[in-house]
Amino acid sequence: MVSQRSGHPSHVTPSTAGSTAPSTAPSTALLTDHYELTMLQAALAAGTADRRSVFELFPRRLPEGRRYGVVAGVGRALDALEAFRFDAEVLAVLEDVVDEPTREWLASYRFSGDVWGYPEGETYFPHSPLVVVESTFAEAVLLETLLLSIYNHDSAIASAASRMTMVSCERPCLEMGSRRTHEEAAVAAARAAYVAGFAGTSNLAARQRYGVPTSGTSAHSFTLLHDTEADAFRAQVASLGAGTTLLIDTYDIAEAVRVGVEVAGPGLGAVRLDSGDLGSLAQQVRDQLDSLGATGTRIIVTSDLDEYAIAALAAAPVDGYGVGTQLVTGSGHPTSGFVYKLVAREGEDGAMVPVAKRSTDKISYGGRKYALRRRGRSGTAEAEVVGTGQVPANDGDDRELLVPLVRDGEVVGREPLEAARERHLRSRAELPLAAQQMSRGEPVIPTIRLD
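Quick caveat: nothing in here was measured; it's all calculated off a predicted structure.

Draft legend 1. Region of the structure containing the side chain of Thr 214. For Thr 214, the location among the structural elements is in the loop between helix 8 (204-210) and helix 9 (220-225). Within the local environment of Thr 214, its side chain forms a polar contact with the side chain of Arg 207, the two groups lying 3.0 Å apart.

Draft legend 2. Local environment of the pattern of salt bridges. Throughout the structure, instances matching the rule amount to 24 salt bridges. With a shortest N-O distance of 2.5 Å, Glu 384 and Arg 373 are connected by a salt bridge. Taken together, the residues Glu 384 in strand 15 (residues 381-388) and Arg 373 in strand 14 (residues 369-375) connect sequence positions 11 residues apart. Arg 373 carries the same exposure label as Glu 384, and that label is buried.

Draft legend 3. Region of interest: the sheet that holds strand 14. Taken together, the four strands give an open sheet; going across it, the order is 16-14-15-19, and neighbouring strands pair in mixed fashion. The open sheet has two free edges, formed respectively by strand 16 (399-400) and strand 19 (447-450), since each of these has just one partner strand. For strand 15 and strand 19, the ladder comprises four bridges, and the chain directions are parallel. Paired with Glu 384 across the bridge in strand 19 is Thr 447.

Draft legend 4. Up close: helix 2 (residues 74-82). Across the nine residues of helix 2, eight count as buried, placing the element largely inside the fold. Looking at the packing, one finds that the buried side of helix 2 touches helix 6 (144-166), helix 7 (183-195), helix 8, strand 17 (403-407) and strand 18 (410-411).

Draft legend 5. Fine view of the confidence of the model for the protein chain. In this model, the protein chain carries a mean pLDDT of 94, and residues with pLDDT of at least 70 account for 95%. Within the model, the stretch residues 8-22 combines pLDDT values under 50 with 30 contacts to residues more than four positions away or in other chains.

Draft legend 6. Structural view of unusual backbone geometry. We note that Glu 170 has phi near 65°; this positive angle belongs to a residue other than glycine. Look at Glu 170 and you get exposed, because its relative accessible area is 81%.

Draft legend 7. Looking closely at the sheet that holds strand 9 (residues 270-273). The strand order across the open sheet built from six strands is 7-6-11-10-9-8, with neighbouring strands paired in parallel fashion. Edge positions in the open sheet fall to strand 7 (200-201) and strand 8 (245-247), since each of these has one partner strand only. Relative to strand 9, strand 8 runs parallel, the two being bridged by three bridges. From the neighbouring strand, Thr 245 faces strand 9, where its bridge partner is Ala 270.

Draft legend 8. Representation of the state of the cysteines within the structure. Under the criterion given, the structure shown has zero disulfides. Between Cys 169, a free cysteine, and Cys 173, which holds the nearest cysteine sulfur, the sulfur-to-sulfur gap is 9.8 Å. By relative accessible area, which is 46% here, Cys 169 ends up partly exposed.

Draft legend 9. Summary view of the packing of helix 10 (residues 229-240) against helix 11 (residues 253-264). Here helix 10 crosses helix 11 at 40°, and the two axes come no closer than 10 Å. It follows from the interaxial angle that helix 10 and helix 11 lie oblique. With respect to the hand of their crossing, helix 10 and helix 11 are arranged in right-handed fashion. Contact with helix 10, carried on its side by Glu 229, Ala 230, Phe 233, Arg 234 and Val 237, involves Ala 256, Val 259, Gly 260, Val 263 and Ala 264 of helix 11 and no other residues of that element. Its residues assigned to classes, the contact of helix 10 with helix 11 comprises seven nonpolar, one polar and two charged.

Draft legend 10. Highlighting the nonpolar core. Of all hydrophobic cores here, the largest spans 54 residues; its most connected members are Ile 248, Leu 273, Val 285, Val 301 and Tyr 321. Apart from the residues within four sequence positions on either side, Ile 248 is in contact with Ile 253, Ala 256, Val 257, Val 271, Arg 272, Leu 273 and Val 285. By size, the runner-up hydrophobic cluster in this structure holds 53 residues, among which are Leu 37, Leu 62, Ala 371 and Val 411.

Cut-offs applied
- Residues numbered from 1 in each chain as written.
- Predicted model: local features only at pLDDT ≥ 70, side-chain atom pairs only at ≥ 80, totals over all residues.
- Heavy atoms only, no water.
- Helix = DSSP H or I, 4+ residues; strand = E, 2+ residues; numbered from the N terminus.
- Polar contact = N/O pair within 3.5 Å; in protein donor to acceptor, adjacent residues only side chain to side chain.
- Salt bridge = Lys/Arg side-chain N within 4 Å of Asp/Glu carboxyl O.
- Buried < 20%, exposed > 50% of the residue type's maximum accessible area, 1.4 Å probe, protein only.
- Pairing = 2+ DSSP bridges.
- Contact = heavy atoms within 4.5 Å.
- pLDDT = per-residue confidence, 0-100.
- Disulfide = S-S within 2.5 Å.
- Axes fitted to C-alpha atoms, helices over the stretch in contact; angles between N-to-C directions.
- Parallel < 35°, antiparallel > 145°, perpendicular 65-115°, else oblique.
- Left-handed = near helix turned anticlockwise from the far one by under 90°.
- Nonpolar A, V, L, I, M, F, W, Y, C, P; charged D, E, K, R; others polar.
- Core = buried A, V, L, I, M, F, W, Y, C linked by side-chain atoms within 4.5 Å.

See the structure below:
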């Protein structure tokens, strides 16, 4: 399924793909948990629903052994927030969930507060305040599950994808895991992988919605359909051109290479290996291709790759990787472990009061947070500095991390997906060299809290 690559579809401009949420988009209000609505009902009855509040979405820790994480899903979350409304169809579902006064309140719900957050593609560390929601309790509490489900999934995929692209030696990685996950998760995974440096995807819905480049040619079934492998290759080349990618491990690899070059000529675009000892086979195939004059034919490898397998192939004559299962499952960490907590609320005197959870192993820290990436004179990141109540002092080399995403209920932080890709490369490049190690370890920079 790799190669015969298509660029961005003509009807989707990459710089603006996914930049606006259609007003007719289905409501996202039921992508939530029951208890958010029962809390709302109780708060409305108690007269506390309108208290000014600050919620924070953050990780207590990185997935075990990881040295950094990657923020993804920001654009999807903004689209989902714009579609978060309680229309008649949604309210009908809630008739036996909350009382009539609560349903009447929900009928006119529109988020009117402010949201700040780390922009998409940015790296993050323990206790990074990835999203800060400032509004009333009633408006903000309803967003918990919506935001967590998007950020937890997409950031897990992007964090795994970043490790893969980092060790790929600038060889392109292609996402091809749609058949290994839920159909909608597949689209989100393709988008998140693209943010973290993947060159494209096999998923056509990601092409339509977000302008992610797609690629693909054929599977083993296409070869098996034909009477001979040569017939299959001739049919593929006749339809897709000599620049196509031929799958060569259905039968005998050496014979398939010989026939492939005979059919397509020395200008054959690529061959794909999907099984066996990929490093050893790639070398044998490279030698054979070169001996046949197909020196420009690329070798693409697939077959349950993860970042460790990709790193192990660094010295092999491989030109690209197709990654599926391990990518869409976060390479062992399918969720980022983010939480969404109330960190400040309006007191009786109108002043904001820090609040925090103190449960064992689930501690949160009260107060509205601000963050910057402390960097040395060389530009290398040294620490994640999180201040409470005010922005930490910038010594001139540092980067402030929180940007406005929503202001007075209006989305202001939507950006092209390409901007997120570029940001990720910059953010990852400023991390210490230890970030490139695949061995299990601690976060590559510490998080410093300033109270």
